[in-house]
Every structure is written in structure tokens, then in C-alpha cells.
Amino acid sequence: DDDLRIGIAELNMKAGKKALDGCDHETAYSYLCAALSLLPKDHWENHYDLSLRLGFLIASAANSTCHYDKAIIMLRKIIEKARCLDDQLPSYILLSQALHAQGKLNDVYDTCSAILTELGESIPESYNLSMATTVIDETIKMYEDAGE
């Protein structure tokens with residue numbers, strides 16, 4: 001019965017979250033993967049919030065245990081299935097961290113520049129010291145004006 005399986009999945013997710021909060025990342029990963037295995041095939045469509053939370057917890061636990069490939073697979077799945085940019089952003093951040101940990105700096109740059117472009121930010125092809133100084137000065141002024 002799906003309701004029972006969802007209930008047991010939620011209990012496993014709570015146990016995984018508790019283990020993650022206690023820095024027992026391997027145990028957390030096991031509980032969280034058990035929770036995922038209990039979800040129906042259409043869980044992203046019919047249990048979106050649960051799928052989103054569980055997926056991010058799994059990716060966090062995998063990342064914390066240096067299972068970067070597993071974290072990246074889950075994060076890309078979340079980004080693919082997420083319904084809005086706000087739901088994607090935490091996964092983009094963790095994805096950038098996992099890629100960085102693997103030394104995939106070009107992938108980190110591509111990921112970050114793609115999301116910044118999606119947010120409406122322009123990224124110049126190159127920078128020089130003068131341009132960087134101007135951007136820093138503008139940012140400082142923006143923060144000073146916001147504080148007044």
C-alpha cells in the first residue's frame with residue numbers, strides 16, 4: 001500500500017536527517033536511500049515536496065561522505081525535476097561544491113555562470129583589475145545606500 005510505504009519512507013527520512021544532524025553521514029545516507037527506495041515511481045509528480053527534501057538530504061549525505069558522483073547524480077535529478085528556480089538553487093550550490101571537491105573547476109564555472117545568467121546577471125568574457133575595482137566600488141556603494 002502506497003500510504004504505508006510513504007509513511008515508512010518519511011520515518012526513514014527523519015532518521016536520516018537526525019543522523020545527518022549528528023554528523024553520522026554514512027548512516028544518514030543509508031536511511032535516506034532506504035526512504036527513496038520506498039517511494040513509488042511517480043514520486044516526483046505525486047509527492048513533490050517529499051521528493052525534493054529527500055533528494056537534497058541524500059545529496060548532502062553523499063557529498064559529506066565524499067561520494068561526489070552519487071551527490072552529483074541526485075543533484076542533477078533535483079534540478080531536472082524541480083518546478084521552480086527557488087527549488088533548484090540549493091541544489092546548484094551543493095552541485096558547485098561537489099564539482100569543486102572533484103577539481104572540476106570548469107564545470108563549477110559553467111554551472112555558476114549558467115544560473116547567474118538565468119537570474120539575469122551578465123558575466124563578461126574577461127576581467128581586468130580596473131573592471132574588478134569598479135565592480136567592487138559599485139557593490140560597496142550599493143550596500144552603503146541600502147543601509148541608509
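Quick note: structure is the one above.
Since we're looking at a predicted model, the values are computed, not measured. (Residues numbered from 1 in each chain as written. Predicted model: local features only at pLDDT ≥ 70, side-chain atom pairs only at ≥ 80, totals over all residues. Heavy atoms only, no water.)

### A few points about a nonpolar patch on the surface
- A surface patch of nonpolar side chains, about 350 Å² in accessible area, is lined by Y109, L116, L119 and I123.
- Mapped onto the elements, L119 comes out in the loop between α7 (105-118) and α8 (129-147). (Patch = residues over 30% accessible without salt bridge, like charges linked within 9 Å, V, L, I, M, F, W, Y side chains within 5 Å. Areas by Shrake-Rupley, 256 points an atom, 1.4 Å probe, with all protein chains shown as cover. Salt bridge = Lys/Arg side-chain N within 4 Å of Asp/Glu carboxyl O. Helix = DSSP H or I, 4+ residues; strand = E, 2+ residues; numbered from the N terminus.)

### Let's talk about the packing of helix α1 (residues 2-21) against helix α2 (residues 25-38)
- Where α1 meets α2, the axes come as close as 8 Å, and the angle between the chain directions of the two elements is 165°. In terms of their interaxial angle, α1 and α2 are classed as roughly antiparallel. The crossing of α1 and α2 is left-handed. Between α1 and α2, the contacting residues are R5, I8, A9, N12, M13, A15, G16, K17, A19 and L20 on the first element and H25, T27, A28, Y31, L32, A34, A35, S37 and L38 on the second.
- Tallied by class, the residues present in the contact of α1 with α2 amount to 12 nonpolar, five polar and two charged. (Axes fitted to C-alpha atoms, helices over the stretch in contact; angles between N-to-C directions. Parallel < 35°, antiparallel > 145°, perpendicular 65-115°, else oblique. Left-handed = near helix turned anticlockwise from the far one by under 90°. Contact = heavy atoms within 4.5 Å. Nonpolar A, V, L, I, M, F, W, Y, C, P; charged D, E, K, R; others polar.)

### Some remarks on the pattern of salt bridges
- Inspection of the entire model under this criterion finds three salt bridges.
- One salt bridge connects K17 with D21, and the closest N-O pair in it is separated by 2.9 Å. Taken as a pair, K17 and D21 lie in helix α1 at a separation of four residues, close to a single helical turn.
- Assessed through its relative accessible area of 53%, D21 is described here as exposed.
- Between K141 and D145 there is a salt bridge whose closest N-O contact spans 3.1 Å. Of this pair, K141 and D145 both sit in helix α8, separated by four residues, roughly a single helical turn.
- For K141, a relative accessible area of 49% corresponds to the partly exposed category.
- Overall, D145 belongs to the partly exposed group, its relative accessible area being 41%. (Buried < 20%, exposed > 50% of the residue type's maximum accessible area, 1.4 Å probe, protein only.)

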